[in-house]
Amino acid sequence: MDMNLSHYQHWTQEEMDRLHRFVSYSQASEFAMEKLKRLPQPVVQVCGPLTTGGRGSFQANVQMMHQGICLLVTQGKVIFDQRPFEVPMFKVLQSRKNSGYDHSLLEEFYLPLFESGLIKEFHFLPGWQSSTGAKWEHKQACKLKIDIFYISELMLQEVKS
């Protein structure tokens, strides 16, 4: 995964370096919560396929998420960018040796962030319905009354990333 600092709004090199120290989803979530609390409000999150569904590969899905983030940044939105957390999350997943989708990622990492009320909007990428995680995020948004928006393929095509 590309960890070029210039691709991540509101991230420092020190924060990127900290990511490699996490050994659990809850540790990563605690750091994410610290980060989220320092972001200017309102904060939004781009939701969509990464490891399941979408464009058929992790790299293609990360690229689509990057385009969605770029689109919203041009609109002046402050993004909670979860892409840097993919590295420690993958490490935790490998250490657990579970087969299938690891739902504890959603409950231990994402749910505390969503329940904090600090993320005000979810912007769903095309193909979100094919993603286990994005479908769960959509359900949480409805339950927690987080505003939902949808990004179209046409909107992504206009992005210069």
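Residues numbered from 1 in each chain as written. Predicted model: local features only at pLDDT ≥ 70, side-chain atom pairs only at ≥ 80, totals over all residues. Heavy atoms only, no water.

1. Thoughts on the pairing of strand β1 (residues 43–47)
Argument step 1. Within β1, five of the five residues are buried, leaving the element largely enclosed by the surrounding structure.
Argument step 2. Here β1 shows two buried faces, one formed by V43, Q45 and C47 and the other by V44 and V46.
Argument step 3. Summarising the sheet, β1 and strand β2 (residues 78–79) pair through two bridges and their orientation is parallel. Residue pairing for β2: V44 is matched across the bridge by I79. (Buried < 20%, exposed > 50% of the residue type's maximum accessible area, 1.4 Å probe, protein only. Helix = DSSP H or I, 4+ residues; strand = E, 2+ residues; numbered from the N terminus. Pairing = 2+ DSSP bridges.)

2. Considerations on the pattern of salt bridges
Argument step 1. For the coordinates displayed, the defined rule picks out six salt bridges.
Argument step 2. Of the charged contacts in the structure, one is a salt bridge between K35 and E15, with a shortest N-O distance of 3.1 Å. Of this pair, K35 sits in helix α2 (residues 25–38) while E15 sits in helix α1 (residues 13–18), and the two are 20 residues apart along the sequence.
Argument step 3. Classification of K35 by relative accessible area gives buried; the value is 4%.
Argument step 4. One network of salt bridges, in which partners are shared, links E15, K35 and R38. (Salt bridge = Lys/Arg side-chain N within 4 Å of Asp/Glu carboxyl O.)

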